[in-house]
Amino acid sequence: MYENLLANVPTDLWIGGQWRKSSDGARFDVIDPATEGKIASVASASIDDAKAALDAAQAAFGPWAARKPRERGEILRKAYELIMRDAERLAKLITIENGKALSDSRGEVAYAAEFFRWYAEEGVRNLGQNGMAPASGARIVVHHKPAGIAVLVTPWNFPAAMATRKIGPALAAGCPVILKPASETPLTMLALMPILEEAGVPAGVVNVLPSRRSGPVVDHMLHDPRVRVVSFTGSTEVGRKLLHAAADNVLNTAMELGGNAPFIVFEDADIDAAIDGAMVAKMRNMGEACTAANRFYVHEKVQDEFEKKLAAKMGALKMGNGLDDGIAVGPLVNAEGRDKVIELVEDAVGKGAKILVGGKRPDGPGYFYPATVLTNVPDGAMMLNEEIFGPVASLQSFKSEAEVIKRANDTEYGLVAYLYTKDLGRGLRVSEQLDFGMIGLNRGLVSDPAAPFGGMKQSGIGREGAHEGLMEFLETQYIATNW
Ligand code: NAD
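## Quick notes on the site of the ligand
Not every one of the 29 residues close to the ligand is listed here, only the nearest: T154, K180, S235, L257 and E387. The separation between an oxygen atom of the ligand and a polar side-chain atom of R165 is 2.8 Å. L257 is positioned such that a nitrogen or oxygen atom in its backbone is 2.7 Å from a nitrogen atom of the ligand. Compared with its free state, where it exposes 840 Å², the ligand has 86% of that area covered by protein. Among the cavities detected, the one that contains the ligand is the largest pocket. Looking at the shell around the ligand, the elements with two or more residues in it are helix 6 (161–173), helix 8 (214–222), strand 10 (227–233) and helix 9 (236–248). Of the residues belonging to the shell around the ligand, the class tally is 15 nonpolar, nine polar and five charged.

The structure is reproduced here in structure tokens:
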């Protein structure tokens, strides 16, 4: 059904501006989560391939760093335009390998492209400082240099956006990159490479190494002295491993890790707006997002209304192959992800939670799970402590502001929290007390290329997007002088 779409998608390694097989010929299969059928066989990079990519990136570094910021910006701007030209093709490819509904994939492509447009503009604002030492009167001249080769490791849930969110600022800063995409979804990034080449990105500036041997391949790169940055998006568990490896080489690290987002609905909230926000916060990407609302806390006075309205909206969502018209719920990415959702729902129900809608895995091929709402989820339920990463809303009620702040903060994660109230004073007061890097105040979506995205506590280190995202790829140098 989509052979035409896949016909021209590259499946080899992209190193130094050339397609190459893996040094030992290894390959791995990519699976369509809607059919469980094989869609492609992709080269699996070895340590020797990583060495070749490091050499290519090193050769590209000097000339790329020496280009004028405006020239790099023009290339990024062109890349933005070319992605938008090819948006529909890329969106379908994301749906084929990831499963998400085409409407979600279209949104992702636009979001992904926007990082190139934003950093085309932001890369020319690499400003320094000039000051005077208070006691000696010496001059303090501060500027920022490209840090060096950046190793980027990305997850499967946003195959395009999680990568462009790193490639955009790295290239704007003057750094070459080696990207290791997730093995579930390597095709989107491979398909992006001819687009970047057409935009004028020189050979070796962006290299892509899909691999089934991520552990040793990434570890080798993180121990190469030419690498200066590791930027990772994925689970906290893998992030910890990379932080250990990064310590050996004292790398600059940017870590975008897991989340466990609370979604708080106060008694004075606009309930219809809260429902709309909840649908986005929960169902964008079928819940397979680090920003997904994982714990709904609804004030007891509005619990009944909120539950009924949310269950009605969730129950109306159509499930099926994400490529088909009108589908809102595609399959989850793989059997493991789907089985985890089943386990979490069974655990919660076994401990007393009530299913308002959904909750039953359909028959047939594909890793499907329906939009589900659970209420009265008991405190001991596993889903309150782990990322559900699926289309399941878990509801609890609360009585007071102080109580809900305490419960919302009771997690090792600190990526994003959502809250709904018509009282802006209360909204800001509560926001300040929530230990999360991002707050959706009367909004169910926080992601924006112009905003600093990132988490507190075990949700990560550093920020992506905004000017902060550029700084992750720059080193600060200070020159002490007199004139
Ligand atoms: P994952 O941690 O399993 O994998 C992420 C990437 O790391 C993949 O490319 C994978 O192949 C690679 N990897 C796995 N083991 C590795 C190792 N030992 N060494 C080097 N690389 C290794 O995560 P996932 O399942 O792909 O994605 C889901 C997770 O990502 C969730 O926890 C989600 O919250 C998180 N996430 C976070 C953000 C954010 O911005 N904070 C965004 C999206 C996803």
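Having put the structure on the table, let's press on.
## Topic: the nonpolar core
Core analysis: the largest hydrophobic core is formed by 68 residues, its most contacted members being F116, I167, L171, L187, M189 and V206. When residues of this core are assigned to domains, at least three map to each of domain 1 (3–257 + 459–481) and domain 2 (261–448). For V206, the contacting residues outside a window of four places in its chain are W14, I167, L171, V177, M193, L196 and V201. Among the nonpolar cores identified, the runner-up in size contains 49 residues, and V265, M283, L344 and L415 belong to it.

## Some details on the sheet that holds strand 22 (residues 474–481)
Strand pairs in the sheet, formed through backbone hydrogen bonds, run parallel or antiparallel to each other. Spatially, 5-6-22 is the arrangement adopted by the three strands of the open sheet, whose pairing is antiparallel. A strand with exactly one partner marks an edge of an open sheet, and here the two such strands are strand 5 (129–132) and strand 22. Taken over all neighbouring pairs, the strand axes of this sheet differ in orientation by 25 degrees on average, direction set aside.

## Notes on the environment of N376
Counting through the fold element by element, N376 comes out in the loop between strand 15 (372–375) and strand 16 (392–398). With 39 residues separating them along the chain, N376 and L415 place their C-alpha atoms 24 Å apart. Among residues more than four places away in sequence, those in contact with N376 are Q303, G352, A353 and L395.

## Section: the environment of K241
Looking at the secondary structure, you find K241 in helix 9. With relative accessibility at 54%, the residue K241 sits in the exposed group. As for K241 and E346, which are separated by 105 residues in sequence, their C-alpha atoms are 31 Å apart.

## Things to note about the side chain of E464
Residue position: E464 is located in the loop between strand 21 (460–461) and helix 15 (466–471). Side-chain polar atoms of E464 contact the side chain of R165, separated by 2.5 Å. Setting aside its immediate chain neighbours within four residues, E464 contacts Y119, R165, K166, S231, T233, E256, A451, P452, F453 and G469.

## Points about the pairing of strand 4 (residues 38–43)
The two faces of a sheet get side chains in turn, since along a regular strand they alternate between them. Strand direction decides the pairing type here: strand 3 (residues 27–31) and strand 4, joined by five bridges, are antiparallel. Within the sheet, the bridge partner assigned to D29 lies in strand 4 and is S41. Linking strand 3 back to strand 4 in an antiparallel pair, the connection comprises six residues, with E36 at a positive phi of about 65 degrees.

## Remarks on helix 3 (residues 69–85)
The terminal C-alpha atoms of helix 3 lie 24 Å apart, and with 17 residues this matches the ideal 24 Å at 1.5 Å per residue to within 8%. Against helix 2 (47–66), helix 4 (87–98), helix 5 (102–122), helix 6 and helix 7 (187–199) lie the buried residues of helix 3.

## Description of empty space enclosed by the protein
Counting across every chain of the model gives six cavities of 30 Å³ or more. Volume-wise, the largest cavity comes out at about 70 Å³. If you trace the largest cavity, you find it lined by I83, L90, I94, V109, A112, A160, T164, T188, M189 and L192. Within the residue set of the lining of the largest cavity, elements represented by two or more residues are helix 4, helix 5 and helix 7. Looking at which element gives the most residues to the lining of the largest cavity, the answer is helix 7, with three residues. Residue composition of the lining of the largest cavity, grouped by class: eight nonpolar, two polar and no charged. In this structure, the second largest cavity is lined by V280, A281, R284, A289, T291, A292, Y418, G444, L445, V446 and S447. Looking at the lining of the second largest cavity, its residues break down into seven nonpolar, three polar and one charged.

## Description of the pairing of strand 16
The buried count for strand 16 comes to six of seven residues, which makes it a mostly enclosed element. The sheet contact formed by strand 15 and strand 16 spans three bridges and is parallel. Residue pairing for strand 16: V373 is matched across the bridge by A393.

## Here we look at the layout of surface pockets
Estimated volume of the largest pocket: approximately 1,500 Å³. Around the largest pocket, the lining is made up of 50 residues, and of these W156, E184, S235, V238 and E336 lie nearest the centre. If you tally residues by element for the lining of the largest pocket, the top one is helix 9, at seven residues. Grouping the amino acids of the lining of the largest pocket by side-chain chemistry returns 21 nonpolar, 13 polar and 16 charged. Two domains each donate at least three residues to the lining of the largest pocket, and these are domain 1 (3–257 + 459–481) and domain 2 (261–448). When its volume is computed, the second largest pocket comes out at roughly 200 Å³. The residue makeup of the lining of the second largest pocket, split by class, is four nonpolar, three polar and five charged.

What counts as what
Per chain, the residues get numbers from 1 upward, laid out in the order the sequence is written. With the structure being a predicted model, the display of local features is reserved for residues of pLDDT at least 70 and the display and counting of side-chain atom pairs for 80 or more, all residues being used for whole-chain, interface and lining totals. Hydrogens are left out, water is left out, and the side-chain values use all remaining heavy atoms of the structure. Any residue with a heavy atom lying within 4 Å of a molecule or strand is counted as near it. We call two N or O atoms a polar contact when they sit within 3.5 Å, provided that within protein one can donate a hydrogen and the other can accept it, with sequence-adjacent residues counted only if both atoms are side-chain atoms. Residue exposure ignores everything except the shown protein chains as possible cover, and the areas themselves are Shrake-Rupley values with a 1.4 Å probe. Here a cavity denotes a set of grid points, spaced 1 Å apart and computed over the protein atoms alone, in which a 1.4 Å probe fits but from which it cannot get out, and a pocket denotes an open set meeting protein on both sides within 12 Å along at least five of seven lines; residues with an atom within 4 Å of a point are reported as lining. Think of it this way: if more than half of a molecule's atoms are within 2 Å of a pocket's grid points, that molecule is in the pocket or cavity. Helix numbers and strand numbers start at the N terminus; a helix is a DSSP run of H or I with at least 4 residues, a strand a run of E with at least 2. Following the grouping adopted for this structure description, the nonpolar residues are Ala, Val, Leu, Ile, Met, Phe, Trp, Tyr, Cys and Pro, the charged ones are Asp, Glu, Lys and Arg, and the polar ones are all others, Gly among them. We call a set of buried residues a nonpolar core when its members are Ala, Val, Leu, Ile, Met, Phe, Trp, Tyr or Cys and they connect through side-chain atoms within 4.5 Å of each other. With a 1.4 Å probe rolled over the protein chains alone, any residue whose accessible area is under 20% of its type maximum counts as buried; one over 50% counts as exposed, and the rest are partly exposed. Just so you know, the domain bounds were taken from an automatic or database domain assignment. We call two residues in contact whenever any of their non-hydrogen atoms come within 4.5 Å of each other. In this scheme, strands are said to pair when DSSP sees at least two bridges between them. Every axis corresponds to a line fitted to the C-alpha atoms, with the helix fit spanning only the stretch in contact, and the corresponding angles, defined between N-to-C directions, vary from 0 to 180 degrees. What a helix should span is 1.5 Å times the count of its residues minus one. Grid points are joined across faces, edges and corners, and a volume is the space filled by probe spheres set on the points.

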